[in-house]
Amino acid sequence: MTKLSISALTMALLIRRSDAVCEGDISLGSTCDLAALETALSGSTCTIDLLFPDGDAATAVQELCEYDAPTQFVHIQGSYQLDQRSMNGGGDVKDGENTFDIDVARVKRFIDNEMDDQVIAWPEYAQKEEYNPANGYGDNGYMPNFNIDPDAEKGSCKLNTAMCCFVESQFDFVDNSDICRHDLSKSPQSNHIKSAWSVFSGDESSHCVGFTWEDGDIYKGNTLFYTSLYQTVVNGYMGNVPGAPMCACVEQMPVVTKADCVTSTGTALEYTFSVDKDTGDVSASHSVAMTYGDCGGNDLKAQVKATHAGSDIETAIDEYL
């Protein structure tokens, strides 16, 4: 896996300095990789070697496509700490001293101005790129709640499914699920407990919503945002089931009776590489039209079984829903 750079997650990633013959915009179509760039440059006086004169074009293109072209999840709130606290059920919105409208203002601006025309990357953070490999969470920068590295010793999302369970709301609360039990050892990065169990009466108010994805789904970051921060800002949902994260891959979440299901879909996706005519710096961007839905009326369990029919995931989800 390509190592993250701090700049890649906090600002536009400007890679290499191209030769002067390469300038302006280069349209890659709906795929962002070296092959798409080579196709886009065919017949042009600008070549891969001129575009990346420092060499290692493959790495440069991969980094541009992964960390510059999409909107990084951390951009929405502004820091790993805010994202981590929010996904665990805390943060300023839940525990802050300001009013709700003030605490959600930044995320609301994103919803109003960017959510419908941005591909949101799965959350990765420079702060985790040394901690994760040193502690069994894989060679990656993923948040522990959403570690999708299949090679990670701990914390992986084997079921390609994530869920949020909220326990309160600033507005009208819709109780749509019963909490059954939770193995606290499944979410130690959230609750800081090595081993324990919680069993619930089923009388606790909870609203659970989640999503599932197939390998290669480039819009799963959008669906994660829609499942989590969007629900807090628009519907007021917040707070975690005691001992559990508010949002995480389903393996780390409590066992519940039901969860609503959401999806996200992108159309007219177009990637563009841009060369600054003055500096020669290469950057990447995209355009897309996003829509969000409710899985055609399926609840999360039904959607998981339909999406992963015939796989181990189809039967394994029964343990959690």
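Structure's up top.
Quick look at the structure, then. (Residues numbered from 1 in each chain as written. Predicted model: local features only at pLDDT ≥ 70, side-chain atom pairs only at ≥ 80, totals over all residues. Heavy atoms only, no water.)

### Here's the deal with the layout of surface pockets
Part 1: When its volume is computed, the largest pocket comes out at roughly 830 Å³.
Part 2: In terms of lining residues, the largest pocket is bounded by 31 residues, among which Trp122, Tyr142, Ile148, Asp217 and Lys220 are the most central.
Part 3: Within the residue set of the lining of the largest pocket, elements represented by two or more residues are helix 4 (57-68) and helix 12 (220-227).
Part 4: Of the residues contributing to the lining of the largest pocket, the split by class is 16 nonpolar, seven polar and eight charged. (1 Å grid on protein atoms, 1.4 Å probe; cavity = no way out; pocket = protein on both sides within 12 Å on 5 of 7 lines; lining within 4 Å. Points joined across faces, edges and corners; volume = space filled by probe spheres on them. Helix = DSSP H or I, 4+ residues; strand = E, 2+ residues; numbered from the N terminus. Nonpolar A, V, L, I, M, F, W, Y, C, P; charged D, E, K, R; others polar.)

### Some words on helix 14 (residues 300-307)
Part 1: Taken together, the buried positions of helix 14 are occupied by Leu300, Gln303 and Val304. Along helix 14, the residues classed as buried sweep out an arc of 100° about the axis, all on the same side. (Buried < 20%, exposed > 50% of the residue type's maximum accessible area, 1.4 Å probe, protein only. Arc of directions from axis to C-beta.)

### Re the sheet that holds strand 6 (residues 197-199)
Part 1: Sheet architecture is open: three strands sit in the order 6-5-10, paired in antiparallel fashion. The open sheet is flanked by strand 6 and strand 10 (255-256), the only strands paired with a single partner. (Pairing = 2+ DSSP bridges.)

### What about the sheet that holds strand 11 (residues 260-261)?
Part 1: Spatially, 9-3-7-11 is the arrangement adopted by the four strands of the open sheet, whose pairing is mixed. The open sheet has two free edges, formed respectively by strand 9 (247-249) and strand 11, since each of these has just one partner strand.
Part 2: Relative to strand 11, strand 7 (residues 207-212) is paired through two bridges, and the arrangement is parallel. If you follow Gly210 over to strand 11, its bridge partner there is Cys261.

### Quick word on the nonpolar core
In a soluble, globular protein the nonpolar side chains are often hidden away together inside.
Part 1: The biggest cluster of nonpolar side chains holds 64 residues, and the ones touching the most others in it are Leu37, Leu51, Phe52, Phe146, Phe225 and Phe273.
Part 2: By size, the runner-up hydrophobic cluster in this structure holds 21 residues, among which are Met163, Ile179, Met253 and Val256. (Core = buried A, V, L, I, M, F, W, Y, C linked by side-chain atoms within 4.5 Å.)

### With respect to the environment of Val93
Part 1: By the secondary structure assignment, Val93 is in helix 7 (residues 92-95).
Part 2: Judged by relative accessible area, Val93 falls into the partly exposed class, the value being 21%.
Part 3: As for Val93 and Phe52, which are separated by 41 residues in sequence, their C-alpha atoms are 44 Å apart.
Part 4: Those residues in contact with Val93, other than ones at most four positions away along the chain, are Phe100, Asp103, Val104, Thr232 and Met238. (Contact = heavy atoms within 4.5 Å.)

### Observations concerning the pattern of salt bridges
Part 1: According to the stated counting rule, one finds five salt bridges in the structure shown.
Part 2: In this structure, Asp112 engages Lys108 in a salt bridge whose closest nitrogen and oxygen atoms are separated by 2.9 Å. Here Asp112 and its partner Lys108 are both found in helix 9 (residues 105-113), four residues apart, which amounts to about one turn of the helix.
Part 3: Given the relative accessible area of 42%, Lys108 is considered partly exposed.
Part 4: Where salt bridges share partners, they join Lys301, Lys305 and Asp318 into one cluster. (Salt bridge = Lys/Arg side-chain N within 4 Å of Asp/Glu carboxyl O.)

### Quick notes on the environment of Cys157
Part 1: One can find Cys157 in the loop between helix 10 (131-134) and strand 3 (161-166).
Part 2: For Cys157, a relative accessible area of 6% puts it in the buried group.
Part 3: Put simply, Cys157 and Glu251 are 94 residues apart on the chain and 7.0 Å apart in space, counted from C-alpha to C-alpha.
Part 4: Other than its neighbours up to four places away in sequence, Cys157 contacts Phe146, Asn147, Ile148, Trp213, Cys249 and Glu251.

### A closer look at the pairing of strand 13 (residues 281-293)
Part 1: Strand direction decides the pairing type here: strand 12 (residues 263-275) and strand 13, joined by 11 bridges, are antiparallel. If you follow Val275 over to strand 13, its bridge partner there is Val282.
Part 2: Linking strand 12 back to strand 13 in an antiparallel pair, the connection comprises five residues, with Gly280 at a positive phi of about 80°.

### Quick look at the pairing of strand 12
Along any regular strand the residues' side chains alternate between the sheet's two faces.
Part 1: Across five bridges, strand 2 (residues 24-29) lies against strand 12 in antiparallel orientation. By the bridge assignment, Gly24 is partnered in strand 12 with Val275.

### Describing the state of the cysteines
Part 1: Inspection of the entire model under this criterion finds six disulfides.
Part 2: The disulfide partner of Cys32 is Cys65, and the S-S distance across this bridge is 2.1 Å. On the sign convention where negative means left-handed, the S-S torsion of about -80° between Cys32 and Cys65 marks this disulfide as left-handed. Placement of Cys32 in the loop between strand 2 and helix 2 (34-41) and of Cys65 in helix 4 is noted, with a sequence separation of 33 residues between them. Cys65 carries the same exposure label as Cys32, and that label is buried.
Part 3: Residue pairing for Cys261: its cysteine sulfur links by disulfide to Cys295, the two sulfurs lying 2.0 Å apart. Between Cys261 and Cys295, the S-S dihedral sits near -60°, and the bridge is therefore left-handed. Of this pair, Cys261 sits in strand 11 while Cys295 sits in the loop between strand 13 and helix 14; the two residues are 34 residues apart in sequence, bridging distant segments of the chain. The burial state of Cys261 is the same as that of Cys295; both residues are buried.
Part 4: For the protein, the disulfide bridges join cysteines in the arrangement 1-3, 2-4, 5-10, 6-9, 7-8, 11-12, where the cysteines are counted in sequence order.
Part 5: Cys180 takes part in no disulfide bond, and the closest cysteine sulfur, belonging to Cys208, lies 9.6 Å away. (Disulfide = S-S within 2.5 Å.)

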